Protein chains: 2
Amino acid sequence: MNTHELREKIASGEFTKPTAGFCKGHVQANMLVIPKKYAASFEKFAKENSKAIPVLEVVKKSHYSQLLAQGANLLNELPAYDIFEDGKHVKTVNNIEEFYNEDFVFFLIGCSFTFENSLINGGIPLRHVDEVKNVSMYDTNIKLNDVDMFSGSMVVSMRPIKKDKVADACIITGHFPNMHGAPIHIGYPEMIGIKDINKPDYGDFIEIKEDEIPVFWPCGVTPQNVLKQIKLPFAITHAPGHMFVSDKKDSDYYVQ
Amino acid sequence: MNTHELREKIASGEFTKPTAGFCKGHVQANMLVIPKKYAASFEKFAKENSKAIPVLEVVKKSHYSQLLAQGANLLNELPAYDIFEDGKHVKTVNNIEEFYNEDFVFFLIGCSFTFENSLINGGIPLRHVDEVKNVSMYDTNIKLNDVDMFSGSMVVSMRPIKKDKVADACIITGHFPNMHGAPIHIGYPEMIGIKDINKPDYGDFIEIKEDEIPVFWPCGVTPQNVLKQIKLPFAITHAPGHMFVSDKKDSDYYVQ
């Protein structure tokens, strides 16, 4: 199934599942939709925290992607959307046409799934992929740089890496600066405020074996966490795992 | 002082100190000299263990460098040499002319000093440099790949790195594959057989602060350790810290 076929099935309501593993080699993106009055501040906030919130495309005065998938309708071509009011998740829907108004600004944000193929191809197997689970994610005490009303702390994803492959994992993912890039921390969860590595705040628990080191990357769940923390009056995001599958290839975002 | 001037002072006996900090930006190399009958095996052994023993130049049937410093006399242009018999260090001298015979093969081997400038320029200060001390080095349980009579385990150097700079340190040093490249281990000394991080086997003790992670690179002391372990009948090495200062620039060995 190519990306156009998948997005068509999503738009028609035939496909409503998580997108992991579909259209392999194509960039999948996080999405955040907010009213225009917050957009300039958020865009600046994202730039100031680009490791956690790497913006790939901003769509204004329209609901069609131009850059990531020319003409894709952002109102119905993601399999599920979360609606937030005053920072609280109020419902999950498969289509946001009824909420849309021209005041909306759409942010499509890089996702670490993009570098996972490169890790695997580089001889670094990923347990959550092998076990068909979600990656483990944690709230941390890593403070983001505040901009206007936007503030909060970083969410990270964790992958256990064999002890002699950790440097390789840094180098490989460092080539994808728009997809969170190299790790933000290696080895000691408690140093970034994670109290119990066995209890992720989001996603699934993934075992860390004796010859492995926990490696942490900034995570695209960070914006959701921020809008909860600051209780933003209204926002829409993709539902976790239900990403925007773009026409761009992972290799389009490989930086030498 | 340029590299020619420094080597002239060394040859004349005027300069006999460690070379760290001299001719900054120029490659300094480890040296191992062994009789021809062991050379082919050692060369293969080095290739099989190139992260620990990256050979930059082999000099045979001569005692003059061609590649690293055209015409430099390897018998007197290093400030100090260690003589080994049956794997035991028997003396340190400033000149090896009296030992020389045409049967000698000289191996000049990459050194992690070469990437230290790049780390510092990349915003990663190094405590042993700031405190004008030697780097901490440790024997490990990381087995080398055996070739003929050559076998043993890797020696590593350790640098404490601020927790949010560890990935950067991997990426920067990964660009110097001929100078040991990216770290061999990050974070847990006991996982590579180091019992007490506060007691280095070679070099100076360097403090690891609370917000730092110990990062380990393969070390050019590995060949010395090997020849001790296998009790090689005869060998000469540079004395620790008293390196061969070459005409090559660090940037000549930067690999994109």
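Residues numbered from 1 in each chain as written. Chains lettered and ligands numbered in written order. Predicted model: local features only at pLDDT ≥ 70, side-chain atom pairs only at ≥ 80, totals over all residues. Heavy atoms only, no water.

1. Here's the deal with the overall build of chain A
What chain A contains, in helices and strands, is 6 helices and 11 strands. In summary, chain A has a C-alpha radius of gyration of 17 Å against a globular reference of 18 Å for 256 residues, a match within 12%. Looking at the 256 residues of chain A, the share that counts as buried comes to 55%. The contacts of chain A with a sequence gap of at least 6 include a subset with a gap of at least 24, amounting to 77%. (Helix = DSSP H or I, 4+ residues; strand = E, 2+ residues; numbered from the N terminus. Rg over C-alpha atoms; globule rule 2.2 N^0.38 Å. Buried < 20%, exposed > 50% of the residue type's maximum accessible area, 1.4 Å probe, protein only. Contact = heavy atoms within 4.5 Å.)

2. A closer look at the sheet that holds strand E7 (residues 153-162) of chain B
All names here are of chain B. One open sheet accounts for 4 strands, arranged E6-E7-E9-E8; its pairing is antiparallel. Two strands lie at the open edges of the sheet, namely strand E6 (136-143) and strand E8 (185-186), each paired on one side alone. Pairing of E7 with strand E9 (residues 212-218) involves 7 bridges; the strand directions are antiparallel. Each residue of the ladder has a partner; that of Pro160, found in E9, is Pro214. Sitting on the sheet, helix H5 (residues 166-174) is in contact with E7, E8 and E9, with an inclination near 20° to E9. (Pairing = 2+ DSSP bridges. Axes fitted to C-alpha atoms, helices over the stretch in contact; angles between N-to-C directions.)

3. Details of the sheet that holds strand E8 (residues 185-186) of chain A
Residue and element names in this part refer to chain A. The strand order E6-E7-E9-E8 describes an open sheet built from 4 strands, whose pairing is antiparallel. Pairing within the sheet leaves two strands with one partner each, and these edge strands are strand E6 (136-143) and E8. When E8 meets strand E9 (residues 212-218), the two strands line up antiparallel, connected through 2 bridges. When the bridges of E9 are listed, His185 appears paired with Phe216. Sheet strands touched by helix H5 (residues 166-174): strand E7 (153-162), E8 and E9. Its angle to E9, the strand with the most contacts, is close to 20°. Along the sheet face, helix H6 (residues 222-229) touches E6 and E7 and points at about 150° away from the line of E7.

4. Section: the interface of chain B and chain A
Interfaces are often described in size by the accessible area the parts lose on coming together. Between chain B and chain A, the residue contacts involve 20 residues of the former and 20 residues of the latter. For the pair chain B and chain A, the two sides together bury roughly 1,600 Å², of which 69% comes from carbon and sulfur. The largest per-residue losses of area from chain B upon contact with chain A belong to Lys163, Tyr188 and Met191 of chain B, which jointly make up 33% of the total buried on that side. Between the two partners, chain B and chain A, sit 0 salt bridges. (Buried area = accessible area lost by both parts, 1.4 Å probe. Salt bridge = Lys/Arg side-chain N within 4 Å of Asp/Glu carboxyl O.)

5. Notes on the state of the cysteines
Residue and element names in this part refer to chain A. Scanning all chains against the criterion turns up 0 disulfides over all chains. This cysteine, Cys111, is not joined by any disulfide, and Cys219 carries the nearest cysteine sulfur, 7.6 Å off. Look at Cys111 and you get buried, because its relative accessible area is 6%. In this structure Cys219 comes out as buried when scored by relative accessible area, which is 6%. (Disulfide = S-S within 2.5 Å.)

6. A word on H5 of chain A
Among all positions in H5 of chain A, only Val166, Ala167, Ala169, Cys170, Ile172 and Thr173 of chain A are buried. Buried-residue contacts for H5 of chain A involve helix H3 (113-121), E7, E8 and E9 of chain A together with H5 and E8 of chain B.

7. Things to note about the relation of the copies chain B and chain A
Overlay of chain B on chain A (RMSD 0.1 Å): rotation 180°, translation along the axis 0.0 Å. Here the transformation between the copies is reduced to the relation of a two-fold axis. Of every C-alpha in chain B, the one belonging to Ile171 of chain B sits nearest the axis of rotation, 2.6 Å from it. Interface overlap between copies: 100% of the residues of chain B at the interface are likewise at the interface in chain A, consistent with a symmetric, same-surface contact. (Least-squares fit on C-alpha atoms with pLDDT ≥ 70 in both.)

8. Re the packing of aromatic side chains
A complete count under the given rule lists 25 aromatic pairs over all chains for this structure. Taken together, a centroid distance of 4.6 Å and an interplanar angle of 10° make the contact between Tyr188 of chain A and Tyr188 of chain B stacked. In this pair, Tyr188 of chain A is assigned in the loop between E8 and E9 and Tyr188 of chain B in the loop between E8 and E9, connecting two distinct chains. With respect to burial, Tyr188 of chain A and Tyr188 of chain B carry one shared label: buried. Look at Phe115 of chain B and Trp217 of chain B: their rings are 5.5 Å apart centre to centre, the planes differ by 45°, and that puts the pair in the tilted class. Linking Phe115 of chain B in helix H3 (residues 113-121) with Trp217 of chain B in strand E9, this pair joins segments that are 102 residues apart in sequence. (Phe/Tyr/Trp six-rings, centres within 6.5 Å; stacked < 30°, edge-to-face > 60°.)

9. Brief notes about the side chain of Thr237 of chain B
Residue and element names in this part refer to chain B. The topology assignment puts Thr237 in strand E10 (residues 234-238). Classification of Thr237 as buried rests on a relative accessible area of 1%. With residues up to four places along the chain from it excluded, the contact list for Thr237 reads Met31, Leu32, Tyr81, Asp82, Phe84, Gln224 and Leu227.

10. Quick look at the pattern of salt bridges
The tally for this structure, following the rule as stated, stands at 22 salt bridges over all chains. Among the ionic pairs, Asp247 of chain B bridges to Arg7 of chain B, the shortest N-O distance being 2.8 Å. Linking Asp247 of chain B in strand E11 (residues 244-249) with Arg7 of chain B in helix H1 (residues 3-11), this pair joins segments that are 240 residues apart in sequence. For Asp247 of chain B, a relative accessible area of 25% translates into the label partly exposed. According to the relative accessible area criterion, Arg7 of chain B is buried, its value standing at 2%. A network of salt bridges, in which partner residues are shared, links Arg127, Lys162, Asp211 and Glu212 of chain A.

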